[in-house]
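# Examination of the molecular architecture
Each chain, letter by letter, is given below.
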Amino acid sequence: MGQIEVMNVRKVYRRDRFEVPVLDGLTLSVDEGEFVALMGPSGSGKTTLLNLIGGIDQPTSGSIQVEHVDTARLSSKDLAKWRSRNVGFIFQLYNLMPVLTAQQNVELPLLLVKGMNGKERKERAKHALDIVGLGERADHYPRQLSGGQEQRVAIARAIVTDPRLILADEPTGDLDKSAADEILELLAKLNSDFRKTIVMVTHDPHAAQKAHRLVHLDKGVLSTAGA
Amino acid sequence: MALLGMVWTNLMRNKLRTILTWLSVFVALFLFVLLHGITDTLTESTKVGSERRLVTRNKISLVFPLPLSQYEKIKSMPGVAAVTWSNWFGGTDPVKPNDFYARFAVDGKTYFPMYASDAYIVQASPANGATSPSGVDPKLAAFFADRTACVVGEKLFLSHKWKLGQTIHLTGTIYPGAWPFVIRAVYRSKVRAFGEETMFFHWDYLYERSNRQAQVGIYTFSPADPSQAAAIGKRVDAMFENSEAATHTETERAFSAGFVSMWGNIPFVIRVIGLAVAFSIFLVAAVTMMMAIRERTNEFAVLKTLGFEDGAIFAVVLLEAGVLTLSAGLAGSLLAKFLLEKSGLPLPGFSTMIVHWETVALGLGLAVLMGLVSGILPAWQASRLRIVDALRKVG
């Protein structure tokens, strides 16, 4: 059994009086330590699948188990706790808090860790920033950083609680090639050196090459899957 | 950085908006407490005077005087322990005509003993061999030795930077002419409602300089048995019923309250205006809070993605509103109290402006309510946000 088990998942969105099916009986397994790239045309359900795996959305039917936890059965409160402990999220547009420094942004998830004092939080955040190579920019605000640097701060934020699973939604989609390569190298390093399981949505075949496995989605179903 | 740090950081993200919102709440609560302070002052003024003392005035109106001949008749009435009289002088400062404070001509030898439990002398000119009448504070010896002498309240004395022995000049309004007075003593009140912004001088001085035209404004007397006050008051009025100056007698407190009743419904109107101001500003604050929260929809979605629970998001937003309105409310309320009480802003006819702490607390309560109501909807919206909708991205 894989670290992530998506079983016969269906997801339908309601738009006014219309029902829009996004995922249609999708089944997928991801092993611990894998680096999986999800590809597919716009509207194929890549981000929806990522959201379901990360527990920020619920399937209409089917089940999703992550490390033997059926996330569809968790309450909103338990799901929030589960996310804070088990998943690191990376977004295309970084989604950093503009009024917080890099250090403070990375500290955010640690506010939810019980019993951790301010000094420990600072040390952990600094360590995460060192891993992504931005230790020297800890006091910079997002507006003072380049796009690539912002995404690296976002990665530091994603790994600071040491989750086993990292979900990245087009992490290089807003970056130039050079910055994108740096981010991809960093993700590959997190996967190889820190044994993080990574599921990455991307449109970019070049980015997808960094993954161990490509999963193609089209109209809510898997079309191909390869190594 | 803890959650409170986040609250502060968020408030500071748009300093101009925060400052303007803060100022609007500040002004609202300042005006609310200021206006309530006026009604506090009016209410407090109804408590001036004792239930144990009686005041007799002309039955037609306070404007009409009473003859001095009534003094002996009241004094000799069985059950009356002590009587004094006083007269409103009016007058203006020729240099500063708007410098208002109450000025009364009093019969010193009976007036000051009557109010010994309400005020006492804190400063006085040297006696230089003079003595006070029997039963009167010896410190008033210099006052009794000088026909033009006056006694002033300590607050008035300090605010005008007067000195003992200094001559002040007034222009008479009811009693025309130039009126010099020499400050011979300063009193301090024992009860706040008595105030410290009044000037008292010899009724004899007024009588003589007005060519013996001055009469009595009111008689104040204390019954030997306070429980008989009402009966004695009726007997006094009955005694003068068919005289040239019929009287109306009531307790001193009721007499003071009569002044407030002249304001009619104004206290109610003032309260309504205060609430209307606060309510309109509250709407502004609520709209501003909602706008501020809407701008951060994406950030709340990210926080929730990171694992922040709905309750934490709710608390952060509500705290933001609460910190803003409570701090502005506290500052506005305290400033209103300070300004009214300390700066000597005058309310004509009432010597001492008062803002009760209960009014400040009411202002703070209103600020808290403002924070709760303006923050609760945005807080609820932020906490109920669906992450996927807020991130607005469907792949």
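Refer to the structure printed above.
The structure contained in this document is the topic of the report that follows. Just so it is clear, the structure is predicted and the values come from calculations on it, not from any experiment. (Residues numbered from 1 in each chain as written. Chains lettered and ligands numbered in written order. Predicted model: local features only at pLDDT ≥ 70, side-chain atom pairs only at ≥ 80, totals over all residues. Heavy atoms only, no water.)

## Side note on the overall build of chain B
Secondary structure summary: chain B contains 14 helices and 10 strands in total. Within chain B, the fraction of its 395 residues that count as buried is 50%. Across chain B, the fraction of contacts at a sequence separation of at least 24, relative to all contacts at a separation of at least 6, is 79%. (Helix = DSSP H or I, 4+ residues; strand = E, 2+ residues; numbered from the N terminus. Buried < 20%, exposed > 50% of the residue type's maximum accessible area, 1.4 Å probe, protein only. Contact = heavy atoms within 4.5 Å.)

## Remarks on the interface of chain A and chain B
Contact with chain A, which involves 35 residues of that partner, is made by 24 residues of chain B. The junction of chain A with chain B conceals about 2,500 Å² of combined surface from both sides, 64% of it contributed by carbon and sulfur atoms. At the junction of chain A and chain B, the tally comes to 1 salt bridge. B:R386 is the partner of A:D57 in a salt bridge, and the nearest nitrogen-oxygen pair spans 3.1 Å. Counting across the chain A and chain B interface gives 3 residue pairs in polar contact (both at pLDDT 80 or more). (Buried area = accessible area lost by both parts, 1.4 Å probe. Salt bridge = Lys/Arg side-chain N within 4 Å of Asp/Glu carboxyl O. Polar contact = N/O pair within 3.5 Å; in protein donor to acceptor, adjacent residues only side chain to side chain.)

## Some words on the packing of aromatic side chains
Residue and element names in this part refer to chain B. Applying the stated criterion to the full structure yields 27 aromatic pairs over all chains. Considering the side-chain rings of F89 and W179, the 5.1 Å spacing of their centres and the 75° angle between planes classify their relative orientation as edge-to-face. Here F89 is found in the loop between β2 (80-88) and β3 (102-106), whereas its partner W179 is found in strand β7 (residues 178-189), with 90 residues between them in sequence. On the basis of relative accessibility, which here comes to 1%, the residue W179 falls in the buried class. An aromatic cluster of at least three residues, connected via ring pairs, comprises W88, F104, Y111, F112, Y115, F143, F144, Y187, F194 and F200. (Phe/Tyr/Trp six-rings, centres within 6.5 Å; stacked < 30°, edge-to-face > 60°.)

## Some details on empty space enclosed by the protein
Picture a little ball the size of a water molecule; that probe, rolled over the atoms, points out where space is still empty. The final tally for this structure, using the stated rule, is 3 cavities of 30 Å³ or more. In terms of lining, the largest cavity is formed by 14 residues, of which the most central are B:L11, B:R17, B:T18, B:M289 and B:A292. Within the residue set of the lining of the largest cavity, elements represented by two or more residues are α1 (3-11), α2 (15-45), α10 (266-295) and α12 (310-342) of chain B. Grouping the amino acids of the lining of the largest cavity by side-chain chemistry returns 5 nonpolar, 5 polar and 4 charged. If you go around the second largest cavity, the residues you meet are A:M97, A:V99, A:L100, B:M6, B:T9, B:N10, B:R13, B:R296, B:E299, B:F300 and B:L303. (1 Å grid on protein atoms, 1.4 Å probe; cavity = no way out; pocket = protein on both sides within 12 Å on 5 of 7 lines; lining within 4 Å. Points joined across faces, edges and corners; volume = space filled by probe spheres on them. Nonpolar A, V, L, I, M, F, W, Y, C, P; charged D, E, K, R; others polar.)

## Quick notes on the sheet that holds strand β1 (residues 4-15) of chain A
Backbone hydrogen bonds hold the strands of a sheet together, and the pairing may be parallel or antiparallel. All names here are of chain A. Sheet architecture is open: 4 strands sit in the order β2-β1-β4-β5, paired in antiparallel fashion. The sheet terminates laterally at β2 (18-30) and β5 (69-70), the two strands that pair on one side only. Sheet topology note: the strand β4 (residues 61-66)/β5 ladder contains 2 bridges and is antiparallel. Note on β5: the bridge partner recorded for V66 is V69. (Pairing = 2+ DSSP bridges.)

## A closer look at helix α13 (residues 357-383) of chain B
Across its 27 residues, α13(B) extends 37 Å between first and last C-alpha, which sits within 8% of the 39 Å expected from 1.5 Å per residue. Of all the bends in α13(B), the greatest, near 35°, is centred on B:I376, and the proline B:P378 appears no more than four residues after it. (Expected span 1.5 Å × (residues − 1). Bend = angle between axes of the 7 residues up to and from the residue.)

## Digging into the environment of B:K234
The residue B:K234 is located in helix α8 (residues 229-239) in this model. As a C-alpha pair, B:K234 and B:H248 span 14 residues in sequence and 8.6 Å in three-dimensional space.

## A few points about the pairing of strand β7 (residues 165-169) of chain A
Residues and elements named next belong to chain A. Counting buried residues along β7, 5 of its 5 residues qualify, which places the element largely inside the surrounding structure. Where burial is concerned, the two faces of β7 agree: the one with L165, L167 and D169 and the one with I166 and A168 are both buried. As paired strands, strand β6 (residues 87-90) and β7 are joined by 4 bridges and run parallel to one another. When the sheet's bridge partners are listed, G88 is paired in β7 with I166. Where β7 lies against strand β8 (residues 197-201), 5 bridges are found, and the strand directions are parallel. Along β8, the bridge assignment pairs I166 with I198. Between β7 and its parallel partner β8, the chain crosses via helix α6 (residues 177-194), and the hand of that crossover is right-handed. (Right-handed = clockwise from strand over helix to strand, strands pointing away.)

## Here we look at the packing of α10(B) against α13(B)
Residues and elements named next belong to chain B. For the pair α10 and α13, the least separation of the axes is 9 Å and the interaxial angle reads 30°. Between α10 and α13, the angle falls in the class roughly parallel. For the pair α10 and α13, the crossing hand works out as right-handed. Here A278, F282, A285, A286, M289, M290 and I293 of α10 come into contact with α13, specifically with L366, M370, V373, S374, L377, P378 and A382. Tallied by class, residues from the contact of α10 with α13 come to 13 nonpolar, 1 polar and no charged. (Axes fitted to C-alpha atoms, helices over the stretch in contact; angles between N-to-C directions. Parallel < 35°, antiparallel > 145°, perpendicular 65-115°, else oblique. Left-handed = near helix turned anticlockwise from the far one by under 90°.)

## Side note on the pattern of salt bridges
Pairing between side chains of opposite charge can happen when the charged atoms of each approach one another. What the rule picks out here adds up to 29 salt bridges over all chains. B:E299 is the partner of B:R13 in a salt bridge, and the nearest nitrogen-oxygen pair spans 2.7 Å. Here B:R13 is found in the loop between α1 and α2, whereas its partner B:E299 is found in helix α11 (residues 297-306), with 286 residues between them in sequence. Taking the relative accessible area as the measure of exposure, B:R13 reaches 24% and is therefore partly exposed. Ionic pairing is found between B:E341 and B:K337, a salt bridge with its closest N-O pair at 3.0 Å. Remark: B:K337 and B:E341 occur in helix α12; sequence separation between them is 4 residues, near one turn of the helix. Comparing B:E341 with B:K337, the two get one shared label, buried. Taken together, the salt bridges that share partners define one network made up of A:K11, A:D57, B:R386 and B:D389.

## What to know about the packing of α2(B) against α12(B)
Between two packed helices, both the angle of their axes relative to each other and the distance between the axes serve to describe the pair. All names here are of chain B. The geometry of α2 relative to α12 is characterised by a closest axis approach of 7 Å and an angle of 40° between their N-to-C directions. Our classification of the angle between α2 and α12 gives oblique. Between α2 and α12 the crossing geometry is right-handed. When its residues are assigned to classes, the contact of α2 with α12 shows 15 nonpolar, 8 polar and 1 charged.

## Description of the environment of A:V6
Residues and elements named next belong to chain A. The topology assignment puts V6 in strand β1. Relative accessible area serves as the criterion here: at 0%, V6 is assigned to the buried category. Along the sequence, V6 and S29 sit 23 residues apart, while their C-alpha atoms lie 6.1 Å from each other. Not counting residues up to four positions away in its chain, the partners in contact with V6 are L26, T27, L28, L49, I53, S63 and I64.

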